Amino acid sequence: MLDNHFKKEEFKKSVKENVKMLYRKTIEEATQEQVFQAVSLAVKDVIIDNWLLTQKQYEKDDPKIVYYLSMEFLMGRALGNNLINLCAYDEVKEALDELGFDLNVIEDQEPDPALGNGGLGRLAACFLDSLTTLGYCAYGCGIRYHYGLFKQKIEDGYQVEVPDNWLKNGYPFELRRPEYAKEVKFGGYVKVEYDPATGRNHFIQEGYQSVLAVPYDMPIVGYNNNVVNTLRIWDAEAINDFRLDLFDKGEYHKAVEQENLAKNIVEVLYPNDNHYAGKELRLKQQYFFISASIQEAIEKFKKTHSDLHDLPKKVAFQLNDTHPTMTVAELMRILVDEENLEWEDAWNITTQTCAYTNHTIMSEALEKWPIELFSRLLPRIYQIIEEINRRFLLEIQQKYPGNQEKIRKMAIIYDGQVKMAHLAIAGGHSVNGVARLHTEILKKQELKDFYEMYPDKFNNKTNGITQRRFLLHGNPLLASWVTEHIGAGWITDLSQLSKLKVYADDKKAQQEFMNIKYQNKVRLAKYILEHNGIEVNPNSIFDVQVKRLHEYKRQLMNILHVMYLYNKIKEHPEMPFYPRTFIFGAKAAAGYRRAKQTIKLINAVADVINNDKSINGKIKVVFIENYRVSNAEMIFAAADVSEQISTASKEASGTGNMKFMLNGAPTIGTMDGANVEIVEEVGAENAFIFGLSSDEVINYENNGGYDPMQYFNNDPDIRNVLMQLINGTYSNGDFNMFREIYDSLLNTNSSDKADTYFILADFKSYAAAQEKVEEAYRDEERWAKMALLNTACAGKFTSDRTIQQYVDEIWHLDKVVIGK
Ligand code: CRA
């Protein structure tokens, strides 16, 4: 084992030295941001030694490698997390104290690398943490967007997007690796040349434009094991030689175009969660990072192996949703066109190497590219997909002779479109969903035909989260308390949390647990006061819904319920009511109008209720601006109630639900996604479940929907709340501000379906569940027990468990020990 521990004096010296070298300043003169840079470099120095050691060990052991291919990695800040995983957090905190700096403030200087939208991107980040902590050889492969997900400002209650220039001051943890640059080609045409010597056709792309993909590596530090893996994100640069060549030929225009291609391609992350926008630039981004990553993987493999038929023994490609599905065709291109393998051999290698994770059944998220666009941008890749499709259709016909319906539903190319999910399923050996219910819906509904044809490919991998970030770093008080009671084993083996169950009825433990929750609420209240100017009462129930804003997640139902409660309090001021703070945090995709209106509604309701003195602060509504990984850690730690209220069947898994549970917040939710498994672990008596089941929802959908009007007509409470959307109550008399939301629920003047997400159908059972929450919270002992049991039963939801299942059932990786 390498002694990676921080010798305090040495570390202080190195920080001062860095400040001097970087800024020509003494540490006393340096700004907090400059100290952040200096500290990060000192930490990186330690990490790099382990990074090198890990590399050496990999060279020696030659383990199988998984490449986790993803358009998104929502890493969150690195400094604090790296210190946690190096087990050096306390030492560094002390060292900085002695230098006159506060580690928390230094951590706050780091931009929050937001190279992802929501759950899918954050899952990728948790997976890298777990892969490394478990000692597996893994690369994350993605894109170095120059602008990550926009920063959210709230102005007059509306969301305003501000560009996230996260690289502005330089990012200390990345390393540029120009020696691994790759050329990626777009456009042009394919020339076919017959080679009489081999009797084979050769396919040569000509007249193309190209960009240079330049990798930047970020270290992924394993917990206390000296393993450091790599997140490799690709930047784009113009290919200079080629440009000069064009200038010579007088093709100025083409040269400039090539420069622009490089500039545009990695400029910005598309801000859509669970939604496919069909933009040409997005397709370019996909091929760009896949081509570079696959070229690199093959090159690396060939350095130490001579036979490409062995690729599946040494390499696994995991496709994080369909965004990286180009992998299948690019690998075929390299094997057939460049390595001269026979098609059948190449196909066997490809399908044994690739595996696909599905993250959604939302139809608007399905990637279908128009043939015209695809074949123009990627002419050779398109030809290869045509051939894959041709052979796939033959297979279908063999299995289901004469069944045109199967062809129509399963073809990879159909109706002028390339269907990426179908390519991902045909081109790999594994298809997995991200929670048990989701996988079952895939098998029975969305991917039924594929499941019938390839039952063995389908499997479930319920998502997980890393406890290192979301408990050890995010909730230090609770983390210490847990360690005091059951030892530190939970940090790498979360199932040990179950040892806390014996404390569920222990008065002292309950009090300590709730006291920690209270302190975390005070911490969040302070943040809210500083950032929102709203004073909240830490003795009120903190009821929290933080996640992307999406209609299916039903933030609208939550705020309508707040309106309903407010009406009740106004009508019956004497009725008992336990004070509640409803906390929201959510970004809406920049072009998602309905979602943005919902943000405005939440803020409008907050304005009215928070300023109504007559209700004595019984309800407060807070919309936390710019919800992101860094403030999420603090929010989960402070939550009493976890809102997981998606329309059943729509939320594939959810991962926020697990972070709340781990931090001791019971769930109010529907039987959707991983909520089902959460309830299974913690017991129905320790959660608040309501609403239609997924079967009921799917049943309605398959039979033409349902009629929300009946609820409007028969339920005066619902009617009142809906009327308030159009009578100016929350809009200073403006009847139109929330008209569209009202219409979406009832559709009085259109033939479109109304209330597609069953808000009115679930409203009353939601309200009833919320009453149960209040009742349970009033009983202090009962609540403490529930909260404690949520933490105690969260063991299943570590991403360490998820990753071990991927390893055992899909990737079959070898464990590596450093210094062995
Ligand atoms: N939006 C699902 O909706 C799931 C994550 C990670 C999502 C979540 O329920 O927890 O993936 N799907 O598996 C998605 O991005 C393209 O589909 C998500 O983050």
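If you're wondering where the values come from, they're calculated on a predicted model, not measured in any experiment. (Residues numbered from 1 in each chain as written. Predicted model: local features only at pLDDT ≥ 70, side-chain atom pairs only at ≥ 80, totals over all residues.)

Describing the nonpolar core
Counting residues in each nonpolar core, the largest one holds 243 residues, and the members touching the most others are Y67, F288, I385 and V605. The leading source of residues in this core is helix α2 (residues 32-61), at 9 residues. Once residues within four sequence positions are removed from consideration, V605 is found in contact with I559, V562, M563, V621 and Y730. (Core = buried A, V, L, I, M, F, W, Y, C linked by C-beta atoms within 7 Å. Buried ≥ 20, exposed ≤ 12 C-beta atoms within 10 Å, placed from the backbone. Helix = DSSP H or I, 4+ residues; strand = E, 2+ residues; numbered from the N terminus. Contact = placed C-beta atoms within 7 Å.)

Describing helix α32 (residues 780-792)
With 13 residues, α32 ought to run about 18 Å at 1.5 Å a step, and its terminal C-alpha atoms sit 18 Å apart, in line with that. Counting buried residues along α32, 10 of its 13 residues qualify, which places the element largely inside the surrounding structure. As for α32, its buried residues are in contact with α21 (507-532), α25 (656-662), α26 (675-682) and α31 (759-778). (Expected span 1.5 Å × (residues − 1).)

Some remarks on the sheet that holds strand β15 (residues 417-419)
Strand order in the open sheet made by the 3 strands is β13-β15-β14, with antiparallel pairing throughout. Each edge of the open sheet carries a strand with a single partner, namely β13 (368-370) and β14 (413-414). When β14 meets β15, the two strands line up antiparallel, connected through 2 bridges. Bridging across to β15, Y414 finds its partner in Q417. (Pairing = 2+ DSSP bridges.)

Quick notes on the environment of L319
Along the chain, L319 turns up in strand β11 (residues 315-320). L319 gets classed as buried once you count the C-beta atoms within 10 Å, which come to 28. Distance from L319 to Y68, taken between C-alpha atoms, is 6.7 Å for residues 251 residues apart in sequence. Setting aside its immediate chain neighbours within four residues, L319 contacts L69, P324, T325, T327, C354, A355, Y356, T357 and A424.

What about the UniProt feature "modified residue: N6-(pyridoxal phosphate)lysine" (unreviewed entry) in the protein?
When the UniProt feature table is mapped to this numbering, "modified residue: N6-(pyridoxal phosphate)lysine" (unreviewed entry) covers K659. By the secondary structure assignment, K659 is in helix α25. For K659, a count of 30 C-beta atoms within 10 Å puts it in the buried group. Aside from chain neighbours lying at most four places away, what touches K659 is I465, F470 and F636. (UniProt positions renumbered as here; feature names shortened; annotations may be inferred.)

Quick word on the site of the ligand
In the neighbourhood of the ligand, 18 residues make up the surrounding shell, with G119, L120, H359, T360 and S653 lying closest. Of the residues that constitute the shell around the ligand, the class distribution is 5 nonpolar, 10 polar and 3 charged. The two domains that each donate at least three residues to the shell around the ligand are domain 2 (62-75 + 115-386 + 415-463 + 804-811) and domain 3 (470-693 + 757-797). (Near = placed C-beta within 6 Å. Nonpolar A, V, L, I, M, F, W, Y, C, P; charged D, E, K, R; others polar. Domains from an automatic or database assignment.)

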